[in-house]
Amino acid sequence: MEKANNAGISMAIAGNFPLFLFLISLASPFGIPLGETFFIISAGSISDKFTDYTFFVILIFFGLIIGDITAYTLASYFEIGFTKKLYKYDWYKKTYELGEDFFNRYGALGIFLTRFLQFGLGALVNYLSGLSKYSFKKFLVCAASGEFLYAAIYTYIGFIFKNAQVSSLNEIIDFSFSIILILAGLLTLFLLKKYLLSGRK
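A. Examining the overall build of the chain more closely. When helices and strands are counted, the chain shows 10 helices and 0 strands. Listed by position from the N terminus, the elements making up the chain come as α-α-α-α-α-α-α-α-α-α. Expressed as a percentage of the 201 residues in the chain, the buried residues total 41%. A fraction of 78% describes how many contacts in the chain between residues 6 or more apart in sequence connect residues 24 or more apart.

In C-alpha cells, the structure reads:
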C-alpha cells in the first residue's frame, strides 16, 4: 500500500501537476480567484521527501514573483494612458490617491505582509505599486521576501499534516523546522527594515 502511495506521488510530481501549480501561482498576483493557497498546501501534502517539498517551494516562488513583476510592470507601463482616460472619474481619482497614501504610510511593509498574510490585497497592492510608480527595487525586495515565506509556510502546512500519525522523532523534526521558518520570517523582517532604513539615508 505504501509503495502504491509513493508511486502515486511520483506520478503527480512527474506529471502535469507542477505545470498546473506554476500557472496557478503565476495567475494569482493578477487577482484571479483560483484558490492558489489550497493548491499550494496540496503540493506539500503530496511531497514524499524534503526534496519534493523544496522543489515545490521553488516552483511556487518563481511563479508568484514572475506574476508580481508582470502585474507591477503592466500597471506602471499603462499608468499614463490610464491616468489620462480615467482620472476624470472620481472613483479612479480616489483609488489612485489611496494608493499613493498607502505607500507613503506603509509602502514596503504593506507589500511584504500582503504576500503571505491572507488579506486578499496582494493583487491590488501589485497594481497600486505600478500605478503610483513605487520604487521597483523596493517592490521586488519586499515581494520576493514575502512570497518566499508564503510558499515555504503554506507548502509546509501540507507537508507536515499529510499523515495524521507521525512518530515522536518526526514530530520533533517538524517542530524544529517550524521554529526555523518562524526565525527565518523574523530575520527577513529585520533585514528588510535595515535595508529600507539604509535607503533613506
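There's plenty left to go through after this.
B. Examining the layout of surface pockets more closely. Considering only enclosed or pocket space, the second largest pocket measures out at about 290 Å³ in volume. Forming the walls of the second largest pocket are 20 residues, and the residues nearest its centre are Ser28, Glu36, Gly120, Gly122 and Ala123. Tallying contributions element by element places helix H8 (residues 122-131) first for the lining of the second largest pocket, with 3 residues. Classifying every residue of the lining of the second largest pocket by side-chain character gives 9 nonpolar, 7 polar and 4 charged.

C. The arrangement of the side chain of Glu147 in detail. Here Glu147 lies in helix H9 (residues 136-160). Each residue touching Glu147, except ones within four places of it in the same chain, is listed here: Phe61, Leu64, Asp68 and Arg115.

D. Spatial organisation of the packing of helix H2 (residues 17-27) against helix H3 (residues 36-45). As a packed pair, H2 and H3 sit with axes 10 Å apart at the nearest point and diverge in direction by 145 degrees. H2 and H3 meet at a crossing whose hand is left-handed. From H2, Phe17, Phe20, Leu21 and Ile24 reach across to H3, where they touch Glu36, Phe39, Ile40 and Ala43.

E. H8, seen in detail. Extensive coverage of H8 is indicated by the burial of 8 of its 10 residues. The complete set of buried residues in H8 reads Gly122, Ala123, Val125, Asn126, Leu128, Ser129, Gly130 and Leu131. Residue Lys133 follows H8 closely and has a positive phi angle near 60 degrees.

F. Broad picture of the environment of Ile46. Turning to its location among the elements, Ile46 is positioned in the loop between H3 and helix H4 (50-77). We classify Ile46 as partly exposed; its relative accessible area is 22%. On a C-alpha basis, the gap between Ile46 and Thr155 in space is 9.9 Å, while along the polypeptide they are 109 residues apart.

G. Local environment of the pattern of salt bridges. Applying the stated criterion to the full structure yields 2 salt bridges. Across the salt bridge formed by Arg115 and Asp68, the nearest N and O atoms sit 3.0 Å from each other. Of this pair, Arg115 sits in helix H7 (residues 107-116) while Asp68 sits in helix H4, and the two are 47 residues apart along the sequence. By relative accessible area, Asp68 is classed as buried at 1%. The exposure class of Arg115 is buried, given its relative accessible area of 4%. Connected through shared salt-bridge partners, Asp68, Arg115 and Glu147 make up one network.

Rules used in this analysis
Residues numbered from 1 in each chain as written. Predicted model: local features only at pLDDT ≥ 70, side-chain atom pairs only at ≥ 80, totals over all residues. Heavy atoms only, no water. Helix = DSSP H or I, 4+ residues; strand = E, 2+ residues; numbered from the N terminus. Buried < 20%, exposed > 50% of the residue type's maximum accessible area, 1.4 Å probe, protein only. Contact = heavy atoms within 4.5 Å. 1 Å grid on protein atoms, 1.4 Å probe; cavity = no way out; pocket = protein on both sides within 12 Å on 5 of 7 lines; lining within 4 Å. Points joined across faces, edges and corners; volume = space filled by probe spheres on them. Nonpolar A, V, L, I, M, F, W, Y, C, P; charged D, E, K, R; others polar. Axes fitted to C-alpha atoms, helices over the stretch in contact; angles between N-to-C directions. Left-handed = near helix turned anticlockwise from the far one by under 90°. Salt bridge = Lys/Arg side-chain N within 4 Å of Asp/Glu carboxyl O.

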